[in-house]
Amino acid sequence: MKNTKLIEYLQRAVNMEMSAAHQYQLHAHTLEDWGLTKMAAKMREEMSEELGHSDLFIERLFFLKASPKIAFDKPPQKAESLPEMFKADKADEEEAIAVYTEAAQHAAELGDIGTRMLFEKIVLDEEGHKDWLELQLDLIDRLGEKTYSSKLVSFANDEEDEG
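Since this is a predicted model, take the numbers as computed values, not measurements.

**Q** Looking at this model, I keep getting lost on the overall build of the chain. Mind explaining?
**A** Secondary structure assignment for the chain yields six helices and zero strands. When the helices and strands of the chain are placed in sequence order, the string is α-α-α-α-α-α. Seen along its three principal axes, the alpha-carbon backbone of the chain occupies a region of about 60 × 30 × 30 Å. Across the chain, every contact between residues at least 6 apart in sequence was considered, and the portion connecting residues at least 24 apart equals 83%. Accessible surface, the chain: about 9,000 Å² in total, of which carbon and sulfur atoms supply 54%.

Right under this line is the structure:
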């Protein structure tokens, strides 16, 4: 079953996930530069999850006898503040949810249960990311960026103090 539109959805998903992974990588470095090392670690976790998503989409392309092309959907952008970072990520997650939902519906119309389930599984992951980002933005609004950020700093002696 080789459907051109379905292959295009899968290829776009690879590109979107590669963009997301590298966006989170840039965020991690930016956050480390700002001294927010705890949030930088969280961004590295997100980066790994997005790379895992791209792997799943690549595997599906191979299963469907298509040739994956590794590229960015859009280049990573450096944020100037935490709210800017989280708002941009939230917009990206909303876009992924919309595209992957549409792709799942298309796969269902074709009777491609495997591809439908893959897109649906990843939509659920992306919804979790979106929910987390909305919570962070809400916390920043309620606490203020300085108070919020103060919990994200780790110092060299943190581990020694805990032990």
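**Q** Explain helix α3 (residues 82-110) to me, please; I cannot follow it from the model alone.
**A** Two residues of an α-helix separated by three or four positions point the same way, owing to the 3.6 residues in each turn. Compared with an ideal rise of 1.5 Å per residue, which puts 29 residues at 42 Å, α3 spans 42 Å between its outermost C-alpha atoms and is within 8% of the ideal. Looking at where α3 begins, the residue whose side-chain oxygen comes 3.2 Å from the main-chain nitrogen of Glu 84 is Ser 81.

**Q** Can you walk me through the nonpolar core in this structure?
**A** Within soluble globular proteins, side chains that are nonpolar generally end up buried alongside one another. Judged by nonpolar contacts, the single largest core of 24 residues is most densely connected at Leu 10, Val 14, Phe 57, Leu 61, Tyr 100 and Phe 119. Those elements that place two or more of their residues in this core are α1 (4-33), α2 (37-63), α3 and α4 (113-143). A total of eight residues in this core trace back to one element, the largest contributor, which is α1. Here Tyr 100 is in contact with Ala 13, Met 16, Glu 17, Phe 57, Phe 119, Ile 122, Val 123 and Glu 126, once residues within four sequence places are set aside. Leu 31, Ala 40, Ala 79 and Met 85 belong to the second-largest nonpolar core, a separate cluster that totals 18 residues.

The rules behind each value
- Residues numbered from 1 in each chain as written.
- Predicted model: local features only at pLDDT ≥ 70, side-chain atom pairs only at ≥ 80, totals over all residues.
- Heavy atoms only, no water.
- Helix = DSSP H or I, 4+ residues; strand = E, 2+ residues; numbered from the N terminus.
- Contact = heavy atoms within 4.5 Å.
- Areas by Shrake-Rupley, 256 points an atom, 1.4 Å probe, with all protein chains shown as cover.
- Expected span 1.5 Å × (residues − 1).
- Polar contact = N/O pair within 3.5 Å; in protein donor to acceptor, adjacent residues only side chain to side chain.
- Core = buried A, V, L, I, M, F, W, Y, C linked by side-chain atoms within 4.5 Å.
- Buried < 20%, exposed > 50% of the residue type's maximum accessible area, 1.4 Å probe, protein only.

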